[in-house]
Amino acid sequence: SCGEVSGRGVCQDVVPSNSPVGAQFPFSGIDDRENWPIVFYNRTCQCQGNFMGYNCGECRFGYTGPNCTVRRNMIRKEIFRMTTAEKDKLIAYLNLAKRTISPDYVITTGTYEQMNNGSNPMFTDINVYDLFVWLHYYASRDAFLEDGSVWANIDFAHEAPGFLPWHRFFLLLWEREIQKVTGDDNFTIP
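Residues numbered from 1 in each chain as written. Predicted model: local features only at pLDDT ≥ 70, side-chain atom pairs only at ≥ 80, totals over all residues. Heavy atoms only, no water.

## Here's the deal with the overall build of the chain
Counting secondary structure elements, the chain contains three helices and ten strands. A principal-axis box enclosing the C-alpha atoms of the chain has dimensions of 50 × 45 × 30 Å. Burial statistics for the chain: of 190 residues in total, 32% are counted as buried. Long-range pairs, those at least 24 residues apart, make up 58% of the contacts in the chain between residues at least 6 apart in sequence. Carbon and sulfur atoms make up 54% of the accessible area of the chain, which amounts to about 12100 Å² in all. Across the chain, the mean location of the 17 positive side-chain charges is 12 Å away from that of the 22 negative side-chain charges. (Helix = DSSP H or I, 4+ residues; strand = E, 2+ residues; numbered from the N terminus. Buried < 20%, exposed > 50% of the residue type's maximum accessible area, 1.4 Å probe, protein only. Contact = heavy atoms within 4.5 Å. Areas by Shrake-Rupley, 256 points an atom, 1.4 Å probe, with all protein chains shown as cover. Lys, Arg positive; Asp, Glu negative; His and termini not counted. Charge placed at Lys NZ, Arg CZ, Asp CG, Glu CD.)

## What to know about the packing of aromatic side chains
If you walk through the whole model with that rule in mind, you get eight aromatic pairs. Seen in terms of ring centroids, F61 and F169 are 5.7 Å apart; in terms of plane orientation they differ by 65 degrees. Their pairing is edge-to-face. You can see F61 sitting in the loop between β4 (58-59) and β5 (63-64) and its partner F169 sitting in helix α3 (residues 163-182), a full 108 residues away along the chain. Relative to F170, the ring of W166 has its centre 5.1 Å away and its plane inclined at 15 degrees; by these criteria the two rings are stacked. Pair noted here: W166 and F170 are both in helix α3, with a separation of four residues, about one helical turn. Judged by relative accessible area, F170 falls into the buried class, the value being 13%. The residue whose ring lies beneath R71 is Y63, and the NZ or CZ to ring-centre distance is 5.1 Å. The ring of Y129 has K98 sitting right over it, with the charged end atom 4.6 Å from the ring centre. (Phe/Tyr/Trp six-rings, centres within 6.5 Å; stacked < 30°, edge-to-face > 60°. Lys NZ or Arg CZ within 6 Å of the ring centre and 35° of its normal.)

## Quick look at the domain arrangement of the chain
Considered domain by domain, the chain is made up of domain 1 (1-73) and domain 2 (75-189). With centres defined by C-alpha atoms, the gap from domain 1 to domain 2 works out at 17 Å. Between domain 1 and domain 2, the residue contacts involve 19 residues of the former and 27 residues of the latter. When the two sides are added together, the surface that domain 1 and domain 2 hide from each other amounts to roughly 2000 Å², 60% of it contributed by carbon and sulfur. Three residues stand out in domain 1 for area buried against domain 2, namely I30, R33 and F61, and they jointly supply 33% of the buried area on that side. (Domains from an automatic or database assignment. Buried area = accessible area lost by both parts, 1.4 Å probe.)

## Comments concerning the nonpolar core
Ranked by internal contacts, the top residues of the largest apolar core, which has 18 residues, are F132, W174, I178 and F187. Mapped onto this core, the elements with two or more residues apiece are α1 (84-99), α2 (128-140) and α3. When residues of this core are assigned to their parent elements, the largest contribution, five residues, is made by α2. What F187 contacts, discounting residues up to four positions off in sequence, is M74, L90, Y93, E175, I178 and Q179. One finds C2, C47, C56 and C59 within the second-largest nonpolar core, a separate group that totals seven residues. (Core = buried A, V, L, I, M, F, W, Y, C linked by side-chain atoms within 4.5 Å.)

## Thoughts on the side chain of T108
Examined against the element boundaries, T108 turns out to sit in strand β7 (residues 101-108). Reaching out from T108, the side chain makes a polar contact with the backbone oxygen of G110 at a distance of 2.7 Å. Those residues in contact with T108 that lie beyond four places of it in its chain are F40, M115, M122, F123 and W134. (Polar contact = N/O pair within 3.5 Å; in protein donor to acceptor, adjacent residues only side chain to side chain.)

## Notes on the environment of N153
By the secondary structure assignment, N153 is in the loop between β10 (150-151) and α3. A residue is classified by how much of its surface remains accessible, and N153, at 56% relative accessible area, is exposed. N153 sits eleven residues away from D142 along the chain, and the two C-alpha atoms are 7.2 Å apart.

## Considerations on the packing of α2 against α3
Each pair of packed helices gets described by two things: the angle between the helix axes and the distance between those axes. Remark: α2 packs on α3, axes separated minimally by 10 Å, with the N-to-C direction vectors making an angle of 165 degrees. One way to sum up the angle between α2 and α3 is to call them roughly antiparallel. α3 is crossed by α2, and the crossing has right-handed handedness. Residues V128, Y129, F132, L135, H136 and A139 of α2 touch α3, and the partners they reach there are W166, H167, F170, L173, W174, E177 and V181. For the contact of α2 with α3, the class distribution of residues is ten nonpolar, two polar and one charged. (Axes fitted to C-alpha atoms, helices over the stretch in contact; angles between N-to-C directions. Parallel < 35°, antiparallel > 145°, perpendicular 65-115°, else oblique. Left-handed = near helix turned anticlockwise from the far one by under 90°. Nonpolar A, V, L, I, M, F, W, Y, C, P; charged D, E, K, R; others polar.)

Given below as structure tokens:
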């Protein structure tokens, strides 16, 4: 776990930010994304060098090789300049991702409160394509308030300073998962 034996990483406690969320979110302690990921887990891997992933078992984006030391540049083609064959391959890869259950990830099917503060886990398998649909939804969904109502005036993924870095990581991770599903390490999102 975390690659401690191989020196790829170490397991450590998660320390969420105590920075205020800003005036645009006038609530505190009601949304499981506020102190992410504490409501679901409180220990994680801190990867060393060019290693990354939930278990430090993969190379950071842009690196390859057995020790993740070989720099790799990928070029993304403008979608309007793709050939018909390249477009067909993209569609085929996306369809394959829709039919492939993720071997690494599950999603929650309930709120933390519905899980009885974590004592009744509610998770399910998901295909690789829908995993990324769910991740995007989860980051941008409305906030569920304590009284059962919904506050629709917040979108953490799109109306916050993290917009650009969050989406950059999201697309890199999606590209990586498609590469793993297809076995095509040269695949890039257009």
